[in-house]
Amino acid sequence: MSVRMDALDRKILEQLQHDASQSLDEIARQVGSSKTPVWNRIRKMREAGVIGRQTVLLDAEALGFEACFFVLIRTSEHEADWQARFLQALRDRPEVQEAHRLAGDIDYILKVRVRNARAYDAFYQALIAEVRVHNVTALLSMEELKSTVALPL
């Protein structure tokens, strides 16, 4: 579903993506509008589902989560029951930051954040004990070059 937005809506969204903790006065000043119209637009975009829940970004390394693995999964299982169990296994594991079903040779890719390689092995062992997979390849990220949740508005 596409929502009609104008240039002011986009400016507001850019400000919120940059720092959602800004005051309404600061956002209005940044976008060149007054507080009430900005608040009304934010409310309408929330109601339309353009703006979801607000959260805070944590520094994984500062908290001791130094290892980021991208896990490529191939499976020969494609039944609804297996998919439901796999999805639940992913939801039950907070180490999984992202999970995507793919087109092509790889069925799924996971972004897994853990403290170290031993913690990844514990994650891996628990996952394969719960759901059957054909092949798992883990790629350790040596350096994060770019990470953003911001959309190019």
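Residues numbered from 1 in each chain as written. Predicted model: local features only at pLDDT ≥ 70, side-chain atom pairs only at ≥ 80, totals over all residues. Heavy atoms only, no water.

Colleague: For this particular structure, what's the right way to read helix α4 (residues 80-91)?
Modeller: Two residues of an α-helix separated by three or four positions point the same way, owing to the 3.6 residues in each turn. Look at α4: 16 Å from first C-alpha to last across twelve residues, which is about the 16 Å you get at 1.5 Å a residue. Among all positions of α4, only Trp 82, Phe 86, Ala 89 and Leu 90 are buried. Projected down its long axis, α4 carries its buried residues within an arc of 100°, all on one side. Of the exposed residues in α4, the ones pointing more than 90 degrees away from its buried face are Ala 80, Asp 81 and Arg 91. Contact partners of the buried residues in α4: β1 (67-74), β2 (96-101), β3 (108-114) and α5 (117-130). (Helix = DSSP H or I, 4+ residues; strand = E, 2+ residues; numbered from the N terminus. Expected span 1.5 Å × (residues − 1). Buried < 20%, exposed > 50% of the residue type's maximum accessible area, 1.4 Å probe, protein only. Arc of directions from axis to C-beta. Contact = heavy atoms within 4.5 Å.)

Colleague: Quick question: what am I supposed to make of the pairing of β2 here?
Modeller: Remember that side chains alternate between the two faces of the sheet whenever the strand is regular. Looking at chain direction, β2 and β3 are connected through five bridges and run antiparallel. Note that in β3 the partner of His 100 across the bridge is Ile 109. What sits between the antiparallel neighbours β2 and β3 is a turn of six residues, in which Gly 104 has the positive phi angle 115°. (Pairing = 2+ DSSP bridges.)

Colleague: What's the story with the nonpolar core in this structure? I'm lost.
Modeller: Across soluble globular proteins, nonpolar side chains show a tendency to be buried alongside one another. Residues Ile 73, Leu 110, Val 112 and Leu 127 are the most contacted members of the largest nonpolar core, which totals 18 residues. Within the residue set of this core, elements represented by two or more residues are β1, α4, β3 and α5. Look past the residues within four positions of Leu 110 in its chain and what remains in contact with it is Phe 69, Phe 70, Val 71, Ile 73, Leu 90, Glu 98, Ala 99, Phe 123 and Leu 127. If you look at the next biggest cluster of nonpolar residues, it comprises eleven residues, including Leu 8, Leu 16, Ile 27 and Met 45. (Core = buried A, V, L, I, M, F, W, Y, C linked by side-chain atoms within 4.5 Å.)

Colleague: What's the story with the packing of helix α1 (residues 7-18) against helix α3 (residues 35-47) in this structure? I'm lost.
Modeller: Any two packed helices are characterised by how steeply their axes cross, that is the angle between the axes, and by the distance between the axes. At a minimum axis distance of 10 Å, the contact between α1 and α3 shows a crossing angle of 80°. Taken together, the axis directions place α1 and α3 in an arrangement best described as roughly perpendicular. Of the residues in α3, those in contact with Leu 8, Asp 9, Ile 12, Leu 13 and Leu 16 of α1 are Val 38, Arg 41, Ile 42 and Met 45. A breakdown of the residues in the contact of α1 with α3 according to their chemical character gives seven nonpolar, no polar and two charged. (Axes fitted to C-alpha atoms, helices over the stretch in contact; angles between N-to-C directions. Parallel < 35°, antiparallel > 145°, perpendicular 65-115°, else oblique. Nonpolar A, V, L, I, M, F, W, Y, C, P; charged D, E, K, R; others polar.)

Colleague: Would you explain the packing of helix α2 (residues 24-31) against α3 in this entry?
Modeller: Contact geometry of α2 with α3 gives a least axis separation of 9 Å together with a crossing angle of 100°. Here α2 is positioned roughly perpendicular relative to α3, judged by the angle of their axes. Here Leu 24, Asp 25, Ile 27, Ala 28 and Val 31 of α2 lie close against α3, whose contacting residues are Lys 35, Val 38, Trp 39 and Ile 42. For the contact of α2 with α3, the class distribution of residues is seven nonpolar, no polar and two charged.

Colleague: Just checking my understanding: could you explain the environment of Lys 35 for this structure?
Modeller: Tracing the chain through its elements places Lys 35 in helix α3. Sequence separation between Lys 35 and Lys 146 is 111 residues, and the spatial gap between their C-alpha atoms is 33 Å. Each residue touching Lys 35, except ones within four places of it in the same chain, is listed here: Leu 24, Asp 25 and Ala 28.

This is a description of form; function is not addressed.
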